[in-house]
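Commentary on secondary and tertiary structure
Single-letter residue listing:
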Amino acid sequence: MDIVKADLFGFCFGVRRAVDIVEDKLDERKRIDTLGPIVHNPNVVEDLSEKGAEVVNSLDNVDTDSVIITAHGAGRDIHEEIEDKGLNLIDTTCPIVKKAQETAEDLVQKGYQVVIYGENDHTEVRNILGWLDGKGVAILDPAKEVSIPEGRVALLSQTTKGKKYFFDFAGKFLRENKDKLEDVKIVDTTCGETRRRYEAAERMAEQVELILVVGGKNSANTRKLAEVAGNTGVETHHIKDESEIEPGWLEGVERVGITAGASTPESAVSSVEETLRKLNQS
Ligand code: SF4
């Protein structure tokens, strides 16, 4: 059995940067608190936790003098609360997420209501909405949503959504709501890093009979990567790590492809590759 790896996979620069900042801080001190998991990958979070980075779910639980905001950013209320509590802020917000936050805030100041194509309960989306004083909503399907803004509306995207899906959404939004809209701005805030991983998975799919997508089940971009890979028609499985590989998947397969989400470290892919080689020999 041959193993083919996508020509681009794993940590994006935003996640790499966030993990590097946390590791640098841990070189200076024994313990640091991160507000939420630094990346949506349980193995990376566990590894950082062993080194001293504790995940807290509320600023009330921070018991050091500093707190880390993750690559997904934080809303204005959280920034204000950190200041009120006198905590040092270590901000690892990805520059691309920061740009989406600033763009959305600027559009609200110019009189637009913001619609984000994305998941309401996703940390990044909640934190973009957290800068908009209630003048933004997250929507996935304009035909199903009941509270669509009217008048001056700006459409943005959760960064991890595919560009094509965002523009399909924008087209549908315009068709469904054309009578209620006065002025529409469409700003592409999708992230090229994730898009390039999706495209690499599609290229790899042309050479393999089975695809394994490695990464946290709570990672939106890894789930999307698995969806994109599955849409090619090649049998695809999203696995958290090598422990989830089922030997039965490999029966009769001559070429298996591996890719990984933007929050998955290279080491996780190496472990999957090693396990596949062992299963192939047994
Ligand atoms: S996927 Fe893109 S937006 Fe998200 S952290 Fe990585 S570089 Fe930043």
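This is a predicted model, so every value here is computed, not measured. (Residues numbered from 1 in each chain as written. Predicted model: local features only at pLDDT ≥ 70, side-chain atom pairs only at ≥ 80, totals over all residues. Heavy atoms only, no water.)

**Quick notes on the site of the ligand**
The test is simple: Whether a residue is near a molecule or strand depends on its heavy atoms: it is near if one of them lies within 4 Å of it. Secondary structure elements are taken from DSSP: a helix is a run of H or I of four residues or more, a strand is a run of E of two residues or more, and numbering for both begins at the N terminus. Three residue categories are used. Nonpolar comprises Ala, Val, Leu, Ile, Met, Phe, Trp, Tyr, Cys and Pro, charged comprises Asp, Glu, Lys and Arg, and polar comprises the others, including Gly.
Near the ligand the following residues occur: Cys 12, Phe 13, Gly 14, Cys 94, Ile 96, Val 97, Thr 159, Cys 191, Glu 193 and Thr 194. Of all elements in the fold, only helix 1 (13–28), helix 4 (95–109) and helix 7 (192–205) reach the threshold of two or more residues within the shell around the ligand. Its residues assigned to classes, the shell around the ligand shows 6 nonpolar, 3 polar and 1 charged.

**Quick look at the packing of aromatic side chains**
Test applied: Two aromatic rings, drawn from Phe, Tyr or Trp (for Trp, its six-membered ring), form a pair once their centres lie within 6.5 Å of each other, and the interplanar angle then sorts them: stacked below 30 degrees, edge-to-face above 60, tilted otherwise. Each residue is assigned to one of three classes by its accessible area relative to the maximum for its type, calculated with a 1.4 Å probe on protein chains only: buried under 20%, partly exposed between the two thresholds, exposed over 50%. Think of it as a cone above the ring: NZ of Lys or CZ of Arg counts as a charge over the ring if it is within 6 Å of the ring centre and within 35 degrees of the ring normal.
Evaluation of the coordinates by the stated rule reveals 4 aromatic pairs. Considering the side-chain rings of Tyr 117 and Phe 169, the 4.6 Å spacing of their centres and the 25° angle between planes classify their relative orientation as stacked. Highlighted residues: Tyr 117 in strand 6 (residues 113–117) and Phe 169 in helix 6 (residues 163–177), separated in sequence by 52 residues. The pair formed by Tyr 117 and Phe 169 is uniform in burial state, with each residue classed as buried. Ring geometry for Phe 166 and Phe 167: centres 5.4 Å apart, planes at 50°, overall tilted. Owing to a relative accessible area of 41%, Phe 167 belongs among the partly exposed residues under this scheme. Through a chain of ring-to-ring contacts, the aromatic side chains of Tyr 117, Phe 166, Phe 167, Phe 169 and Phe 173 assemble into a single cluster. Between the NZ or CZ atom of Lys 224 and the centre of the ring of Tyr 165, over which it lies, the distance is 3.5 Å.

**With respect to the domain arrangement of the protein chain**
The cut-off we apply is this: Residue ranges labeled as domains rest on an automatic or database domain assignment. Contacts are assigned to residue pairs with any non-hydrogen atoms lying within 4.5 Å of each other. The term buried area refers to how much accessible surface (probe radius 1.4 Å) is lost by two components on association, counted for both of them together.
Partitioning the protein chain into structural domains gives domain 1 (2–10 + 192–281), domain 2 (13–94) and domain 3 (96–186). Computed from C-alpha coordinates alone, the two centres of domain 2 and domain 3 are separated by 27 Å. At the interface, 14 residues of domain 2 touch 12 residues of domain 3. Note on domain 2 versus domain 3: buried area summed over both sides is about 1000 Å², and carbon and sulfur give 49% of it. Sorting the residues of domain 2 by area buried against domain 3 places His 72, Arg 76 and Cys 94 first, and these three jointly supply 55% of that buried surface.

**Quick look at the packing of helix 7 against helix 8 (residues 220–231)**
Our working definition: Between N-to-C directions, angles cover 0 to 180 degrees, with each direction set by a line fitted to C-alpha atoms, over the stretch in contact for helices. An angle counts as roughly parallel when it lies under 35 degrees, as roughly antiparallel when it exceeds 145, as roughly perpendicular when it falls between 65 and 115, and as oblique in every other case. Left-handed is the label given to a crossing in which the near helix is rotated counterclockwise from the far helix by less than a right angle, and right-handed is the label when the rotation is clockwise.
Contact pair helix 7 / helix 8: the axes reach a minimum separation of 9 Å and the direction vectors enclose 30°. Considered as vectors, helix 7 and helix 8 are oriented roughly parallel to each other. Of the two elements, helix 7 crosses helix 8, and the hand of that crossing is right-handed. Residues Thr 194, Arg 197, Tyr 198, Ala 201 and Glu 202 of helix 7 form the contact with helix 8, whose participating residues are Asn 221, Lys 224, Leu 225 and Val 228. Class assignment for the residues of the contact of helix 7 with helix 8 results in 4 nonpolar, 2 polar and 3 charged.

**Section: the sheet that holds strand 3 (residues 53–56)**
Selection rule: Strands pair, by our definition, only if DSSP identifies at least two bridges between them.
Taken in spatial order, the 4 strands make up an open sheet running 3-2-4-5, and their pairing is parallel. Each having just a single partner strand, strand 3 and strand 5 (88–91) make up the two edges of the open sheet. Within this sheet the neighbouring strands show an average axis-to-axis angle of 35°, counted without direction.

**Details of the nonpolar core**
What counts, and what does not: Residues enter a nonpolar core if they are buried and are Ala, Val, Leu, Ile, Met, Phe, Trp, Tyr or Cys, with the set joined through side-chain atoms within 4.5 Å.
In this structure, Val 22 and Ile 38 are the most contacted members of the largest nonpolar core, which totals 19 residues. By residue number, the principal contributor to this core is helix 1, which donates 5 residues. Apart from residues no more than four positions distant in its own chain, Ile 38 is found in contact with Ala 18, Val 22, Val 45, Leu 48, Ile 68, Thr 70, Ala 71 and Thr 92. Formed by 17 residues, the second largest nonpolar core is a distinct cluster that contains Leu 210, Ile 239, Ile 245 and Ala 260.

**Things to note about the side chain of Thr 159**
For clarity, the cut-off: Any pair of N or O atoms that falls within 3.5 Å is considered a polar contact. Within protein, one atom must be able to donate a hydrogen and the other to accept it, and sequence-neighbouring residues count only if both atoms are side-chain atoms.
On the secondary structure map, Thr 159 appears in the loop between strand 8 (151–157) and helix 6. Polar contacts involving the side chain of Thr 159 include one to the side chain of Glu 124, which spans 2.5 Å. Setting aside its immediate chain neighbours within four residues, Thr 159 contacts Ile 96, Val 97, Glu 124, Thr 189, Thr 190, Cys 191 and Thr 194.

**Quick notes on the packing of helix 1 against helix 2 (residues 42–51)**
Between helix 1 and helix 2, whose axes approach to 10 Å, the crossing angle comes to 15°. Taken together, helix 1 and helix 2 sit at an angle that is classed as roughly parallel. Every pair of crossing elements has a handedness; the one defined by helix 1 and helix 2 is left-handed. Side by side, helix 1 and helix 2 meet where Val 19, Val 22, Glu 23 and Leu 26 of the first sit next to Val 44, Leu 48 and Lys 51 of the second. For the contact of helix 1 with helix 2, the class distribution of residues is 5 nonpolar, no polar and 2 charged.

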